[in-house]
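Read off the chains here:
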Amino acid sequence: MARDPETIEREIEQARNALVTTLDQLGTKANPAKLVDVAKTGLRAKLDEPKVKYPLIGGAVLIGVLLIRKLLK
């Protein structure tokens, strides 16, 4: 059973519109600026946890003390 050209054109237009919508959604999700913001937010949240924050501060203080000691010798 053959389909008429108007039906085919209408289906092509619907498929094209669906593809455009999908590509727009992918572009929004894969936006580099958005990905960087998400990564920054996740990293900041992780660094604000006490079990991560305080050991990092302690390590930085230790490195600082060792550098000062090395410079004063």
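The structure under discussion appears in the preceding block.
This write-up is about the structure you can find in this document. (Residues numbered from 1 in each chain as written. Predicted model: local features only at pLDDT ≥ 70, side-chain atom pairs only at ≥ 80, totals over all residues. Heavy atoms only, no water.)

## So, the environment of Glu-9
In step 1: Along the polypeptide, Glu-9 turns up in helix H1 (residues 5–29).
In step 2: The exposure class of Glu-9 is exposed, given its relative accessible area of 55%. (Helix = DSSP H or I, 4+ residues; strand = E, 2+ residues; numbered from the N terminus. Buried < 20%, exposed > 50% of the residue type's maximum accessible area, 1.4 Å probe, protein only.)

## Some details on a nonpolar patch on the surface
In step 1: On the surface, a nonpolar cluster with roughly 390 Å² of combined accessible area is contributed by Tyr-54, Ile-57, Val-61 and Val-65.
In step 2: Assignment of secondary structure puts Ile-57 in helix H3 (residues 50–72).
In step 3: Overall, Ile-57 belongs to the partly exposed group, its relative accessible area being 44%. (Patch = residues over 30% accessible without salt bridge, like charges linked within 9 Å, V, L, I, M, F, W, Y side chains within 5 Å. Areas by Shrake-Rupley, 256 points an atom, 1.4 Å probe, with all protein chains shown as cover. Salt bridge = Lys/Arg side-chain N within 4 Å of Asp/Glu carboxyl O.)

## Some words on the pattern of salt bridges
In step 1: One pass over the structure, following the stated rule, counts 2 salt bridges.
In step 2: We note a salt bridge from Glu-13 to Arg-16, for which the minimum N-O separation is 2.9 Å. Here Glu-13 pairs with Arg-16, and both are found in helix H1, just 3 residues apart, close to one helical turn.
In step 3: Put simply, Glu-49 and Lys-46 hold a salt bridge, and the shortest N to O gap is 3.7 Å.
In step 4: Overall, the relative accessible area of 42% leaves Lys-46 in the partly exposed class.

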